[in-house]
Every structure is written in C-alpha cells, then in structure tokens.
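Structural overview for review
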Amino acid sequence: MADMEKAKAYCERVLAEIIKRDPDQPEFHNTCKEVLGTITPVLAEHPEYEEACLLERFFEPERVITFRVPWVDDAGKVRVNRGFRVQMSSAIGPYKGGLRFHPSVNLSILKFLATEQILKNSLSGLPIGGGKGGSDFDPKGKSDCEVMKFCQSFMTELSRHIGPDVDVPAGDIGVGGREIGYLYGQYKRIRNAYEAGVLTGKGLSFGGSLARTEATGYGLLYFVECMLNDNGIGLKGKTVSVSGSGNVATYAIEKAYQLGAKPITCSDSNGYVVDPEGIDLALLKQIKEVERGRIKEYAERKEGAEYHEGCAGVWTVKADVALPCATQNELNLEAAQALVANGVVAVGEGANMPCTLDAIAYFQENGVYFAPAKAANVGGVSVSALEMSQNSERLSWTFEEVDQRLKDIMINSYKQAKDAAEHYGMPKNYLAGANIAGFQKVAAAMFAQGIV
Ligand code: NDP
C-alpha cells in the first residue's frame, strides 16, 4: 500500500513538472494525465524506476526537430510552412509514426501523438519505437503540383534525420498514398540509394505492402469484434456510427460490412451523413478517394441519405456501436451522454484520442465497452512494420497473409489489454490495461539500457 502511495506521488510530481515546463501544450498534458493515471501499479512494483527518473525520461522526447519548409505555389508566390519531427522513444526499435499535414499541427499535438505511438507500437508486439511529425501545411484545395513541391521541400530537410534503421515515418491526416509517393521520390533522389524501408504506406509498385491501406480500419473492427465476442455480445447485425471519411473511416466501414454489421454514418469537418440503409461504400470511395470531394456530395447523390451541418452531431444518431475515426477530441462528454442515452453498447477509437477524458469516464461508468485507440488502432502501424519486414526481405506477401497477421496482432493487442487490466484488478478497463501492457515493455527496455 505504501508503495502504491509513493508511486502515485511520483506520477503526480512528474505530471506537475511536465505542465510547469510546457504550460502551452494541452493535448500533450492530456495524454500524460491519462497514462500516469493508470500505470501506478507498475511503478509500485518497480520502485527502482523512480530512482532512474524513468518517467521523466519517458515523457521527454529524445529529440525534437523543427524546420522551415519554403515552396512556391502555382501562382508563383513563395509560401513558408513549419515542419516537425518528434523522435520520442527508440527504446524498443527505430522511431516509427506518421506525418500529419493539417493547419492545426503544433508541438503539443505531435508530442501527444508521439507518446501514444510509443505505447501503441509496444502493444503491436513488433520492434518499433515511437515518433510523429508533420506540418501546418493544408493540402486541401492545393493542386497535385503544389502538394509535390511542398513534399519535396519538406523531405529535403527531413531526409537528414530519418532512415530505415533510424526513423521510419508513414501517413496520417492529410498524408496518404500521393504524399508518401512524392516524399519517397525526393528521399531516394537525395540519398541516391533505394532504401525502401525508410517510409511506409508506399505504393505497391515501389515497396508498399498489400493491406496497408485497409489496415487501421480493418484492425479496429477485428479488435471491436473480438472484444464484443469475448463479452458474449457479438458484432453481427449491429448498427454502427462512424465519424470521418478518410482512410481509417472508409476501411472501418468496409470491414464492418464484412463482419455482418451495418454502418450508417460518416462525416468530414463540415458535417455528417446519415444513411439508414447503410453507407454506400462504392459511392463514398468515389467521392473521397477519386474525386477528393466533400461528404455533403454523398447525400446529394444518394436517395434516402441526409446531410447535416456540424460534425459533432454524428454522435446524436442512434447506433449500437460508435467508431470515432476522424481526429482528437471529437467526442466529448455531451456526445458520450447522447450515445449512452441512445443505448450504445461499445465505442472503438479509430482516430487517436478522439474521446475526451470525461467522455471515456462516462462510458466506463455506464458499462459501455471501450476500446482505446492505442490498442484498437494499432493495425496501421503494425502493417507498416510488416511492410518494413517485406522491404528488408525484398519480398511481397499476399493480401491474405498480411491480413491474417493483422488479425492475429489485433487479437493479441486485445488480450494484452484485457489480461493486464484483470491482473491489476481493473477488469474490462481496456484503457488501463493497454497503458500498463504497453508501458511495461518499454520501461523494462529503458531500465536495462541505462541512463540514456
Ligand atoms: P484522413 O486525412 O484520411 O481523414 C481524416 C478524416 O477526419 C477526414 O474525413 C477529415 O475531414 C476528418 N477530420 C480531420 N480533422 C477534423 C476535425 N478537426 N474535425 C472533424 N473532422 C476532421 O486521416 P486518417 O483517416 O488517416 O486518420 C484519421 C485518424 O486516425 C487520425 O486521428 C489519425 O491520427 C488516426 N490514425 C490513422 C492511421 C492511419 O493508418 N491512417 C493509423 C492510426 C491512427 P476533412 O476532410 O473535412 O478534413
């Protein structure tokens, strides 16, 4: 008991120091608060961690790189964006995590994402550390040529800091196959070497993995199905509300159908669509992946579907399962109350930290099965790591082989979260279980490697 209190005091002290040192990083504080609120039992078992300042080191990035990204738009005007790479932890493998291009990108958001990534990558069971990067560049409304010029300028600087054994970026919001292609082309040109393993999410003709595009959305559904089956509920026949209409949302919808559920919503940052017959996946892909259009167009082209302004309203739609797949903090307490009032059974986070801390607490208090992002969306980075393996082997695996490995990884991720939660007396608290299981492995590696 005394050890628990000592461990708790250590966590509180570290959190206070983090907030004092970087008072303007609210998203990062939230992650620290969430993680530190659940890993106390591990610290109580390992008092030597405090002596080694393990938490202080865990939450301090190994390296943060910020840089200028100048480029010239189609009208000949010079533009200047800011580029970032947060290399958070290399304790169990090279830094690994996506690049985000969105006007909201700043150090607070990237440090929160990089911290999540450490634990997520640990849960994947694969040898990858944690990192994240990106830019405040907004690809929306830019021509292909402008996106290419931006990516080339971004990579000209980033190439000094990454490598197949050093740091392996991938996509995230605003960075899909097109951007990864341009980034890889410029990296190859600068290095004069075919280091395919330096980026993941590549096109299939130059080292990409089958099933990488689908991995995060598919993986989320494998996790949620496993969680629901384990609790005697099942996914078949359930209605599902999904937010977002990007990579994660699209393939979550696809796999939900394949597992016998019915997805009825999707959204973008302007509004949301409800289609009681079930989302028409072919139409969604045509609008978002081919035409790069807005979700409003879906309702204009599909009879029976309704469009509503304001993306948060998606959580007022009645559904058995809710899958937030757009962005951080998109599902707050009010939304959680609306979902619970409508009888939601389970919530699975496809996006990174889409639910606010009070929303998560509300779900848990009301018996809603909650699948936390760091365990439930681990599919994307896992197939990225499988892409790195294929690049090292100079081989390509079949879709079925990658998909089977993905499924195994998701089931294992669920088991780790479940077992850790049970072991520490918090059954069904998959968030606490995921934090503990992810942290244990990284902490052991950090401790064994000395004060670095
Ligand atoms: P995309 O860029 O493909 O799609 C993002 C979607 O979210 C779009 O529909 C976008 O709408 C919407 N969105 C973005 N910002 C906001 C906002 N502020 N409010 C409401 N909606 C918003 O990204 P991904 O699908 O790749 O990523 C979605 C989430 O999943 C992110 O949190 C990401 O970190 C996480 N993730 C992604 C992985 C991957 O493999 N891609 C892996 C693990 C996690 P709009 O077009 O209007 O901006």
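Everything here concerns the structure above.
Quick look at the structure, then. (Residues numbered from 1 in each chain as written. Predicted model: local features only at pLDDT ≥ 70, side-chain atom pairs only at ≥ 80, totals over all residues. Heavy atoms only, no water.)

A look at the overall build of the chain
- Looking only at helices and strands, the chain has 18 helices and 13 strands in total.
- A compact globule built from 452 residues would reach a C-alpha radius of gyration of about 22 Å, and the chain, at 21 Å, matches this within 12%.
- Across its three principal directions, the C-alpha atoms of the chain cover 65 × 55 × 45 Å.
- Taking all 452 residues of the chain together, 57% fall into the buried category.
- Counting contacts in the chain only where the partners sit at least 6 residues apart, residues at least 24 apart contribute 71% of the total.
- About 17,800 Å² of surface is accessible on the chain, with carbon and sulfur atoms providing 51% of the total.
- Charged side chains in the chain number 48 positive and 57 negative. The centres of these two groups are separated by 4 Å. (Helix = DSSP H or I, 4+ residues; strand = E, 2+ residues; numbered from the N terminus. Rg over C-alpha atoms; globule rule 2.2 N^0.38 Å. Buried < 20%, exposed > 50% of the residue type's maximum accessible area, 1.4 Å probe, protein only. Contact = heavy atoms within 4.5 Å. Areas by Shrake-Rupley, 256 points an atom, 1.4 Å probe, with all protein chains shown as cover. Lys, Arg positive; Asp, Glu negative; His and termini not counted. Charge placed at Lys NZ, Arg CZ, Asp CG, Glu CD.)

What about the site of the ligand?
- Neighbouring the ligand are 25 residues, the closest being Asp-172, Thr-216, Ser-269, Arg-294 and Asn-352.
- Take Ser-245: an N or O atom from its main chain is 2.9 Å from an oxygen atom of the ligand.
- Val-248 is positioned with one of its backbone polar atoms (N or O) 2.9 Å from an oxygen atom of the ligand.
- Only helix H9 (212-230) and helix H10 (247-258) provide two or more residues apiece to the shell around the ligand.
- Here the shell around the ligand is composed, by residue class, of 6 nonpolar, 13 polar and 6 charged. (Near = heavy atom within 4 Å. Polar contact = N/O pair within 3.5 Å; in protein donor to acceptor, adjacent residues only side chain to side chain. Nonpolar A, V, L, I, M, F, W, Y, C, P; charged D, E, K, R; others polar.)

Comments concerning helix H14 (residues 357-365)
- Turning to H14, its buried residues are Ala-359, Ile-360 and Phe-363. Along the long axis of H14, the arc covered by the buried residues comes to 100°, so they all point the same way.
- Against the buried residues of H14 lie helix H13 (333-341), strand E12 (346-348), strand E13 (369-371) and helix H18 (430-448).
- Immediately downstream of H14, the backbone of Gly-367 shows phi near 70°, a positive value. (Arc of directions from axis to C-beta.)

Distances and angles like these do not, on their own, reveal function.
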